[in-house]
Amino acid sequence: MDYVLKTNNLTKKFKDIKAVNEVSMSVKKGDIYGFIGKNGAGKSSFMKMVCGMFIPSSGEIELFGNADLVRGRKKIGSIIESPAFYPSMTAEENLRYYSIVTGQKKYVKLDETLKFVGLTGFDSKKVAEFSLGMKQRLAIAIAFSNSAEFLVLDEPVNGLDPTGIKEIRELLLRLNEEKGITILISSHILGELSKIATKYGVIDKGILVDEFDSNELTERCKKYIKIEVDNMMKASHVLSEQMNIQKFEMHNSNTIKIYDNLENVALINRNMVLNDINVSYISIQGMDLEDYFVRLMEGIKC
Amino acid sequence: MLNLICGERYKLYTNIISKVIMLLFMISGIIYFMQYRNISGINATDKANDDFIGVFVYMLGDISSYGNEIKSTIFILGAITVFGLLSAICIVPVFTSIFVTDEYATRNIQQLSGKGFSRHKIVAAKFLGICEFIILMILTMTLISTAVAIGITGMGNLLDFAPIVLIYLIKIILINLAFISLAVFGSFLTKNCGAAMPVNFILIICLFGELANELFNRDVLTLMRVSMTMILVFFGGTVFAFNRSDI
């Protein structure tokens, strides 16, 4: 399997505090890896180590299956904390500068890149006069201007309005789908993150506490009818035989979780009662992705 | 490495601050050229009792043995000395502080590091970029002052004095390079413009200001040795510190 990033027990200490504590994680080629954690959980420190801004206290980093980080980082683009560019230059001048330093001055098509991120028609406008959304789009253009195969984006939608967030989301999806760029992205807007990420990692107090893919997340957040009855056998018979419901699970001695017919809560209740089954509790359970993430970050597993 | 230097060059010549510094240099140049009238008035018998003439007497020794044809040379040497030292003492600390710390403020130093450039190359490119800019300014000023001198006084015996002019030029460039390494060190150490500027002024004026004057009176080889030592120590120190710090 092709991994773009692999870390092994990566640790960053600031005096006695471990900002990142033995994190071992891997990002597969083509993935959009959502990195989740509270403020100060260690996301930015981890990303900074990957990008060479922080020197790791211990542990190893592999980029594109190779421990040669200088070489690997040539294929990385990054936005850490806030976009990096020269505000007194125009968007094209900024891009040209990065094309020059990455040795692409003769080959890179600046217009094409600007068009891709939707920044055409601002030839004479200095970046300082750009809106935040435009700055973020330019930062993304700069990040992949060196034909990057892997983008490390730390809170790229911070401070953007809903339209700006949508634009960046669509841009990232296009980069992933059309150019095959792998993305490691952190964001506090978890609902947005869940619209693009294919894999998630949850970091808390520097420790990677959980990793799961989008299917697993959907599974974990699936809605169901929770029903508590006094006769489990009879209740299961009613569900399967009378109501033809197959997707249900029995838990403990009195709880059934039904994953089908979520709109028929009243009917299920009525059938139970008609069959002399006492229902002490019935309700739709489960949560949306935002709630799930919030609970995860609070350390409560679903 | 070459790409990084090309990038620095591109940035320097599109940067408003470098344009402003060039402009200030030119304005001070015009003021200096206005002093040409004073030089025209130099007589072979003049002594070092006038401050302005005293500078040239100091540089060339007793000028009474020369005729009026020495005026061009005096003018050019004056331009090299005045602008060279002005550059080393005033422009280098200000310009380097802004140019280096701006990279931290705009986070471009992080971006470069994230793009896989070794840290020593980032420091070297920055140092060489500034050196190129300052040398270019000094050379431009020398060329302009030469043209002005020739235009007004004629060639005179300028060619006879060409080696002296060249030696002064080399001396001034070496002093500037040494001071650039000092200012780069101060700027990378402090990382922010508000702190870098006073630190660089203290380093350059208080600690090494007298050295510039001292070095200027020494021969080129001694000056070269001292400058190279300073560059090695301060450039090496910057790379050493930068390699071991988080950015």
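None of these values were measured; they are calculated from a predicted model. (Residues numbered from 1 in each chain as written. Chains lettered and ligands numbered in written order. Predicted model: local features only at pLDDT ≥ 70, side-chain atom pairs only at ≥ 80, totals over all residues.)

Undergrad: How should the overall build of chain B be read in this particular structure?
TA: When helices and strands are tallied, chain B shows 11 helices and 0 strands. For chain B, the α and β elements follow one another from N to C terminus as α-α-α-α-α-α-α-α-α-α-α. Every one of the 247 residues in chain B was classed for burial, and the buried ones make up 40%. (Helix = DSSP H or I, 4+ residues; strand = E, 2+ residues; numbered from the N terminus. Buried ≥ 20, exposed ≤ 12 C-beta atoms within 10 Å, placed from the backbone.)

Undergrad: Even after reading the chapter, I still don't get the overall build of chain A, so can you show me in this structure?
TA: Helix and strand counts for chain A stand at 11 helices and 14 strands. By the compact-globule yardstick of 19 Å for 302 residues, chain A is too spread out, its C-alpha radius of gyration being 24 Å. Principal-axis analysis of the C-alpha atoms places the extent of chain A at approximately 80 × 45 × 35 Å. Counting only residues that meet the buried cut, chain A has 40% of its 302 residues in that class. Across chain A, contacts joining residues at least 24 apart in sequence account for 70% of those joining residues at least 6 apart. (Rg over C-alpha atoms; globule rule 2.2 N^0.38 Å. Contact = placed C-beta atoms within 7 Å.)

Undergrad: Please clarify how the sheet that holds strand β13 (residues 255–258) of chain A should be interpreted in this entry.
TA: Residue and element names in this part refer to chain A. On the basis of which strands lie adjacent, the open sheet formed by 4 strands has the order β12-β13-β11-β14 and antiparallel pairing. In this open sheet, the two edge strands, each paired with only one partner strand, are β12 (248–251) and β14 (279–285). If you compare each strand with its neighbour and ignore which way they point, the axes differ by 15° on average. As judged from the 4 bridges shared by strand β11 (residues 224–229) and β13, these two strands associate in the antiparallel manner. Looking across to β13, one finds that Ile225 is bridged to Ile258. Its contacts with the sheet put helix α10 (residues 265–274) on β11, β13 and β14, and the angle it makes with β14 is roughly 160°. (Pairing = 2+ DSSP bridges. Axes fitted to C-alpha atoms, helices over the stretch in contact; angles between N-to-C directions.)

Undergrad: Please clarify how the nonpolar core should be interpreted in this entry.
TA: One recurring pattern in soluble globular proteins is that nonpolar side chains are buried together. Grouped together as the largest cluster of nonpolar side chains are 126 residues, with contacts concentrated most on A:Leu138 and B:Val184. Within the second largest apolar cluster, 11 residues are counted, among which are A:Ala235, A:Ile258, A:Ile268 and A:Met272. (Core = buried A, V, L, I, M, F, W, Y, C linked by C-beta atoms within 7 Å.)

Undergrad: Even after reading the chapter, I still don't get the confidence of the model for chain A, so can you show me in this structure?
TA: The predicted coordinates should not be examined in detail at positions where pLDDT is low. In the predicted model, chain A carries a mean pLDDT of 83, and 96% of its residues have values of at least 70. In the model of chain A, helix α11 (residues 289–297) of chain A stands out as the element of lowest mean pLDDT, 72, in contrast to strand β8 (residues 182–186) of chain A, which has the highest, 90. (pLDDT = per-residue confidence, 0-100.)

Undergrad: Sorry if this is basic, but what is going on with the interface of chain A and chain B here?
TA: Where the parts come together, the accessible area they lose is often given as the size of the interface. On the chain B side, the residues contacting the 28 residues of chain A number 22 residues. Counting only elements with at least two residues in the side of chain A that touches chain B, the list comes to α2 (69–73), β6 (76–79) and α3 (91–101) of chain A. Ranked by residue count, the leading element in the side of chain A that touches chain B is α3(A), at 5 residues. Here the residues of the side of chain A that touches chain B sort into 16 nonpolar, 7 polar and 5 charged. (Nonpolar A, V, L, I, M, F, W, Y, C, P; charged D, E, K, R; others polar.)

Undergrad: Where do I start with the domain arrangement of chain A in this structure?
TA: Each assigned domain of chain A is listed with its residue range as follows: domain 1 (3–218) and domain 2 (223–285). Here the C-alpha centre of domain 2 of chain A lies 47 Å away from the C-alpha centre of domain 1 of chain A. (Domains from an automatic or database assignment.)

Undergrad: Sorry if this is basic, but what is going on with the pairing of strand β1 (residues 3–14) of chain A here?
TA: Side-chain positions along a regular strand alternate between the two faces of the sheet. Residues and elements named next belong to chain A. As paired elements, β1 and strand β3 (residues 26–28) share 3 bridges and run antiparallel to each other. In the strand pairing of β3, Leu5 is matched with Val27. The pairing of β1 with strand β5 (residues 58–63) spans 5 bridges and is classified as antiparallel. Residue pairing for β5: Thr7 is matched across the bridge by Ile61. Across 4 bridges, the pairing between β1 and strand β2 (residues 17–23) is antiparallel. Bridge pairing links Phe14 to Ile17 in β2. Taking the residues between adjacent antiparallel strands as the criterion, β1 and β2 are bridged by 2 residues, where Lys15 takes a positive phi near 55°.

Undergrad: Got a minute to help me understand the packing of helix α8 (residues 162–190) of chain B against helix α11 (residues 220–243) of chain B in this structure?
TA: Each pair of packed helices can be summarised by the angle the axes make with each other and by the distance between the axes. All names here are of chain B. Between α8 and α11, the shortest axis-to-axis distance is 9 Å and the interhelical angle comes to 20°. Here α11 runs roughly parallel to α8, going by the angle between their axes. In the crossing of α8 with α11, the sense of the turn from one axis to the other is left-handed. (Parallel < 35°, antiparallel > 145°, perpendicular 65-115°, else oblique. Left-handed = near helix turned anticlockwise from the far one by under 90°.)

Undergrad: Is there a simple way to think about the sheet that holds strand β9 (residues 199–204) of chain A in this case?
TA: Two strands in a sheet stick together by hydrogen bonds in their backbones, pointing the same way (parallel) or opposite ways (antiparallel). All names here are of chain A. As summarised here, the arrangement of the 6 strands in space is β6-β7-β8-β4-β9-β10, forming an open sheet in which the pairing is mixed. Single-partner strands in this sheet number two, and they are β6 and β10 (207–213). Direction aside, neighbouring strands of the sheet carry axes that sit 15° apart on average. One ladder, built from 5 bridges, connects strand β7 (residues 150–154) with β8; its direction is parallel. Looking at the pairing, Phe150 lines up with Thr182 of β8. Helix α5 (residues 132–143) contacts β6 and β7 of the sheet and is inclined by roughly 160° relative to β6.

Undergrad: Honestly, the environment of A:Asn278 in this entry has me stumped. Any pointers?
TA: Residues and elements named next belong to chain A. Along the chain, Asn278 falls in the loop between α10 and β14. Through-space distance from the C-alpha of Asn278 to that of Ala91 is 69 Å; in sequence the pair is 187 residues apart. Non-local contacts of Asn278, meaning those with residues more than four positions away in its chain, are made with Val229 and Asp230.

Undergrad: What is the right way to look at helix α1 (residues 43–50) of chain A in this model?
TA: One full turn of an α-helix is made of 3.6 residues, so residues set three or four places apart face in the same direction. Residues and elements named next belong to chain A. For α1, the tally of buried residues reaches 8 of 8 residues, placing the bulk of the element in the interior. Considered for burial, the residues of α1 that qualify are Lys43, Ser44, Ser45, Phe46, Met47, Lys48, Met49 and Val50. At the C-terminal side of α1, Gly52 shows a positive phi close to 85°.

Undergrad: Even after reading the chapter, I still don't get the environment of A:Ala148, so can you show me in this structure?
TA: Residue and element names in this part refer to chain A. Tracing the backbone shows Ala148 in the loop between α5 and β7. Its 23 C-beta neighbours within 10 Å are what place Ala148 among the buried residues. Each C-alpha atom of the pair Ala148 and Leu274 lies 64 Å from the other, and the pair is 126 residues apart in sequence. In this structure Ala148 touches Lys75, Ile76, Gly77, Ala143 and Ile181, once residues within four positions along its chain are discounted.

Undergrad: Would you mind showing me how to read unusual backbone geometry here?
TA: Note on backbone geometry: most residues besides glycine have negative phi, and most peptide bonds are trans. Residue and element names in this part refer to chain A. Positioned with a positive phi, Glu22 is a non-glycine residue whose angle comes to about 45°. Structurally, Glu22 is set in strand β2. One non-glycine residue with positive phi stands out, namely Phe64, at about 55°. As for its position among the elements, Phe64 is in the loop between β5 and α2. Look at Phe64 and you get buried, because 20 C-beta atoms sit within 10 Å.

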